[in-house]
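# Observations on chain architecture
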Amino acid sequence: MESLYFLIPLFFVIVFVFPLSLRIKVASDLNKKQMIISAFLWKIKLITVKLYVRDNKIYLITKRKKKEIEIKLSIKEIYFVESIGENLKDKTTLRKLAFWGKVGLVDAKDTAVTTGTILIIFKSLFAYIKNYKPTCSMSANIEPCYENSVMIICAYVSFTITIFDLLFSLIISLFSLRSKAYGKQSKLS
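The following paragraphs examine the structure supplied in this document. Note that the coordinates shown come from a computational prediction; the quantities given were computed from them, not determined experimentally.

When you line up the elements, Thr 160 lands in strand β8 (residues 150–162). Sequence-wise, Thr 160 and Phe 18 are 142 residues apart; in three dimensions their C-alpha atoms are separated by 9.7 Å. With sequence-adjacent residues up to four places away left out, Thr 160 is seen in contact with Pro 19, Leu 20, Ser 21, Lys 91, Thr 92, Thr 93 and Arg 95.

Here it is, written out as structure tokens:
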């Protein structure tokens, strides 16, 4: 007779291999130097963060805690973020990438040129991403606004990753950070 204790390791194997569907929504107002970032796991909202820039400093406000936090990053923290981003790049499956925007400047000619330039930048970015992630669906829609001075860009990113890949990348990044501190190159990454 089979033992029910085999269900415990089966549960952990399924949890580590089952992909997590993450969605990130970003809305930024470049005139006011504000940005709102929301992260979702499947359909569940994880966190909403508001960022704004004042006096060359970045401030962060979460919806739960109405407290301003000034962000200062050291060289080690920047290296860690770059390392984990590099490790996660090939392990994620990009599903959807979409951009919306509303651009308006004082002059109609400047508005049209800026709108066209932003669309060209997004299409160039899409061509680059399509070389590495061919199954990703992408769209961009930038509207010119000739009446008001406005610069709003919104982005939607949907991707999947497994918990195992996330933990593995985190561990590799921590080891590479530690070996970088001692002046050696990591043989794991």
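Right, let's talk about a nonpolar patch on the surface for a bit. On the surface, Tyr 5, Ile 8, Phe 11, Phe 12, Val 13, Phe 16, Val 17, Phe 164, Leu 167, Phe 168, Leu 170 and Leu 174 cluster together into a nonpolar patch covering about 1200 Å² of accessible area. For the nonpolar patch, the secondary-structure elements that each account for two or more residues are α1 (7–17) and α4 (163–181). Here the nonpolar patch gets 6 residues from one element, more than from any other, and that element is α1. By secondary structure assignment, the location of Phe 164 is in helix α4. The partly exposed category is assigned to Phe 164, whose relative accessible area is 48%.

Cut-offs used in this document
- Residue indices follow the written sequence of each chain, beginning from 1 at its first position.
- Per-residue local features of the predicted model are confined to residues with pLDDT of at least 70, and side-chain atom pairs are confined, for both listing and counting, to 80 or more; whole-chain, interface and lining totals are unaffected and use all residues.
- To get the side-chain values, take all heavy atoms of the structure and skip hydrogens and water.
- The numbering of helices and of strands both runs from the N terminus, where a helix is a DSSP run of H or I of at least 4 residues and a strand a run of E of at least 2.
- Residue contacts are counted whenever heavy atoms from the two residues lie within 4.5 Å of one another.
- Only residues whose relative accessible area exceeds 30% and that take part in no salt bridge are eligible for patches, with like-charged residues grouped when within 9 Å of each other and nonpolar side chains (Val, Leu, Ile, Met, Phe, Trp, Tyr) grouped when within 5 Å.
- Note on areas: these come from Shrake-Rupley sampling with a 1.4 Å probe, and a residue is covered only by the protein chains present in the view.
- What counts as a salt bridge is simple: a side-chain nitrogen of Lys or Arg found within 4 Å of a carboxyl oxygen of Asp or Glu.
- Any residue under 20% of the maximum accessible area for its type is buried, any over 50% is exposed, and the rest in between are partly exposed; the area is computed with a 1.4 Å probe on protein chains only.

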